[in-house]
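Close look at the chain arrangement
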Amino acid sequence: MSDPDITAEVVARLQLSGVDPSNVDIGFVADRLVELRAGLAAVHE
Amino acid sequence: MISLRDQAAAVAAGSVTPADLVEQSLSAIGDDPFNAFITVMADSARAAALSDLPEGPLRGVPIAVKDNMATRDAVTTSGSPIFAEHHPSVDARVVQRIRDAGAIVIGKTNLDELTWGGTTDNPTFGRTSNPWNPDRFAAGSSGGSAVAVAAGYCAAALGSDTGGSIRLPAAMNGIVGLRPTWGRISVEGVTPLAWSMDSVGPMASSVDDCALLYSVLVDDHEQPTRQRPNRNIRLGVTSFFFESLDADVAQVYRRSLDVLDDAEFQLWNVDLPDLARYIPPWLVAHMVEPAVQHRDLLLTRPLDIAPHVRDLLALGLVISGAELDSAQRFRAQFTASLTCALSDVDVLVCPTVPFPAVPHGSMTVTLQDHEVPLFEALPRFTGIASFAGLPALSLPAGESSDGLPIGLQLIGRPGGEADLLSVASSVEDVLDWRTPQGVI
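Residues numbered from 1 in each chain as written. Chains lettered and ligands numbered in written order. Predicted model: local features only at pLDDT ≥ 70, side-chain atom pairs only at ≥ 80, totals over all residues. Heavy atoms only, no water.

So, on to the overall build of chain A. Scanning chain A from N- to C-terminus turns up two helices and zero strands. For the C-alpha atoms alone, the extent of chain A along its principal axes is close to 35 × 25 × 15 Å. Counting every position in chain A, which comprises 45 residues, the buried fraction comes to 40%. (Helix = DSSP H or I, 4+ residues; strand = E, 2+ residues; numbered from the N terminus. Buried < 20%, exposed > 50% of the residue type's maximum accessible area, 1.4 Å probe, protein only.)

Residue and element names in this part refer to chain B. A cis amide bond links Gly140 with the next residue in sequence, Ser141, at an omega value of 10 degrees. Mapping Ser141 onto the fold places it in the loop between β7 (133-137) and α5 (143-150). Phi at Asn35 is positive, roughly 55 degrees, even though this residue is not glycine. With respect to the element layout, Asn35 can be found in the loop between α2 (18-29) and β1 (37-40). The backbone of Thr120 shows a phi angle near 50 degrees, a positive value even though the residue is not glycine. Looking at where Thr120 falls in the secondary structure, it is placed in the loop between β3 (104-109) and β4 (121-122).

Looking now at the interface of chain A and chain B. In this complex, chain A contributes 21 residues to the contact, which on the side of chain B involves 26 residues. Between chain A and chain B the total buried area reaches about 2000 Å² when both faces are included, carbon and sulfur atoms providing 70% of it. Counting across the chain A and chain B interface gives one salt bridge. With a shortest N-O distance of 2.5 Å, Glu323 of chain B and Arg37 of chain A are connected by a salt bridge. Applying the counting criterion to the chain A and chain B interface returns five residue pairs in polar contact (both at pLDDT 80 or more). Of all the secondary-structure elements, those providing two or more residues to the side of chain A that touches chain B are α1 (4-17) and α2 (26-43) of chain A. (Contact = heavy atoms within 4.5 Å. Buried area = accessible area lost by both parts, 1.4 Å probe. Salt bridge = Lys/Arg side-chain N within 4 Å of Asp/Glu carboxyl O. Polar contact = N/O pair within 3.5 Å; in protein donor to acceptor, adjacent residues only side chain to side chain.)

Another point: the pattern of salt bridges. A side chain with one charge can pair with a side chain of the opposite charge if their charged atoms come near. Scanning all chains against the criterion turns up 23 salt bridges over all chains. One salt bridge connects Arg59 of chain B with Glu55 of chain B, and the closest N-O pair in it is separated by 3.6 Å. Owing to a relative accessible area of 22%, Arg59 of chain B belongs among the partly exposed residues under this scheme. A residue is classified by how much of its surface remains accessible, and Glu55 of chain B, at 72% relative accessible area, is exposed. In this structure, Arg179 of chain B and Asp161 of chain B form a salt bridge, with 3.2 Å as the shortest nitrogen-oxygen distance. Remark: Asp161 of chain B occurs in strand β8 (residues 156-161) and Arg179 of chain B occurs in strand β9 (residues 176-179); sequence separation between them is 18 residues. By sharing partners, the salt bridges in this structure join Glu9, Arg13 and Arg37 of chain A together with Glu323 of chain B into a single network.

The subject of this paragraph is the nonpolar core. Soluble globular proteins tend to bury their nonpolar side chains together. Residues and elements named next belong to chain B. Judged by nonpolar contacts, the single largest core of 124 residues is most densely connected at Val94, Ile98 and Ile384. Ignoring any residue separated from it by four or fewer positions in sequence, one finds Val94 in contact with Met69, Leu158, Ile185, Ser186, Val190, Val200 and Leu217. Formed by 26 residues, the second largest nonpolar core is a distinct cluster that contains Leu26, Ala36, Ala170 and Met203. (Core = buried A, V, L, I, M, F, W, Y, C linked by side-chain atoms within 4.5 Å.)

Residue and element names in this part refer to chain B. As for its position among the elements, Asp325 is in helix α12 (residues 321-341). Look at Asp325 and you get partly exposed, because its relative accessible area is 38%. As a C-alpha pair, Asp325 and Ala285 span 40 residues in sequence and 9.3 Å in three-dimensional space.

All names here are of chain B. Read across the open sheet, the eleven strands follow the order β1-β3-β2-β8-β10-β9-β16-β17-β13-β11-β12; overall the sheet is mixed. Of all the strands in the sheet, just β1 and β12 (266-269) have a single pairing partner and so form its edges. Neighbouring strand axes in the sheet, compared pairwise and without regard to direction, differ in orientation by 30 degrees on average. Alignment of β9 against strand β16 (residues 392-399), held across three bridges, turns out to be antiparallel. Bridging across to β16, Leu178 finds its partner in Leu393. (Pairing = 2+ DSSP bridges. Axes fitted to C-alpha atoms, helices over the stretch in contact; angles between N-to-C directions.)

We now examine the packing of aromatic side chains. Residue and element names in this part refer to chain B. Under the criterion given, the structure shown has ten aromatic pairs over all chains. Judged by centre distance (5.3 Å) and plane angle (10 degrees), the ring pair of Tyr278 and Phe334 falls under stacked. Of this pair, Tyr278 sits in the loop between β12 and α9 (279-293) while Phe334 is found in helix α12, placing the two residues 56 residues apart along the sequence. The same class applies to Tyr278 and to Phe334, which are both buried. With centroids separated by 5.8 Å and ring planes inclined at 20 degrees, the aromatic side chains of Phe330 and Phe334 adopt a geometry described as stacked. Of the two residues, Phe330 and Phe334 are both situated in helix α12; the distance of four residues between them amounts to about one turn of the helix. Both residues of the pair, Phe330 and Phe334, count as buried. The rings of Phe240, Phe241, Tyr278, Trp282, Phe330, Phe334, Phe381 and Phe387 are connected pair by pair, giving a single aromatic cluster. (Phe/Tyr/Trp six-rings, centres within 6.5 Å; stacked < 30°, edge-to-face > 60°.)

For the rest of this paragraph, the subject is helix α8 (residues 247-262) of chain B. Residue and element names in this part refer to chain B. When the terminal C-alpha atoms of α8 are compared, their 22 Å separation across 16 residues agrees well with the 22 Å that a helix rising 1.5 Å per residue should span. Every buried residue of α8 is accounted for by Asp248, Val249, Ala250, Val252, Tyr253, Ser256, Leu257 and Leu260. Elements in contact with the buried residues of α8: β11 (234-237), β12, β13 (347-351), β16, β17 (405-411) and α15 (417-431). In the segment just after α8, Glu264 is the residue with positive phi, at about 80 degrees. (Expected span 1.5 Å × (residues − 1).)

All names here are of chain B. Note: strand β6 (residues 129-130) against β7, two bridges, orientation antiparallel. Bridge pairing in β7 links Asn130 to Asn133. With antiparallel pairing between neighbouring strands as the criterion, β6 and β7 make up a hairpin whose turn holds two residues.

Everything listed is a geometric property; what it means functionally is a separate question.
Structure (structure tokens):
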């Protein structure tokens, strides 16, 4: 289950970009975003 | 099928005609059982063979071209239904270069949609199969080009490489593929994916044929480097290259290093701690750039983009500027540390892919008892050169226990293609493992 805060952030950012969130697998995007952020955080630790 | 160089020499000597080579190629393609091509250009290739071809080093030789490169005489789909009827008015610069050298474009090869992927499993144009085992994937995104060479349809092909799209299918199909230094070869007329990593290069069944095709593509006519004694060649390895490998790949990699050591190459351990951390920042850049490139398509034609590509483009759009900046800061440091390491060695040597070709449709791969998403495991080693803009080449080094090819990747110095090809030729001679032409 994706983090609801991240899910909401993804939806909001897509809407800001003009993309219809209903065309996107929001859970997939949210999960990958969390992974990338964790990886970026580890790089700069 | 004989080599690219021998085909060109045979035409020059008059022992074979361009029309003979085109007919041989079309006969080999037949009904294209591996789905290597989106468009077979039979009519235009036959017409070209009978025309007054330029007197160049590739005169009369059929070559396949990835379908993200503009051709004035054939549709250029970029693997997308959105461009299924796109007829460019001019050739991509690289297509023009091979035609100026006398080559004949035999067809446009299959690829991942918008080149965003590594499987050549295209929802619109079908999946390309691996000629070594048609139940296995060809890798991608230049899978059609790799299979065209491996299956003996033509002696060489053009591919493009952003995160490994030349080297991955080269390794999986037992051929040689060169990703040149970023910026070395023109990408004009090639549909972009990620502007700071896109590179166009040759794919062929030997290092020598890759070198010949590369010499035609490059603007500055760099002199080939003469082969040096093996004892004067330093090969760099590091612990990261031995981690998370399939057992067969680990065995081929270790055996290759042993054979090279026995042949008096110098194996050097290099310290590259950043390798263990590079993948997330690399993926950040690799997500953002395609999203910016194809944002208009995502806004105006979302349902004409395959769902998995749409999701990846969406991911690129939600990454923030601060996150991209963080990734780029790491990239600068990463590139500097690799370049510094390459001042001590001639090339870095690692497996091209951590595993042999997987069954079609695989989403994960098991490496040392860990199940890893395919899209993460596949570019583990190819992303290194992509992120740092370095030249890199994959050549066949052996096969798995079930007879699938395994590739070895050599990463060279920036702008050092001549050296890289020279070292690769020496390594190829020593490993002495070459794909039989037309593995079918």
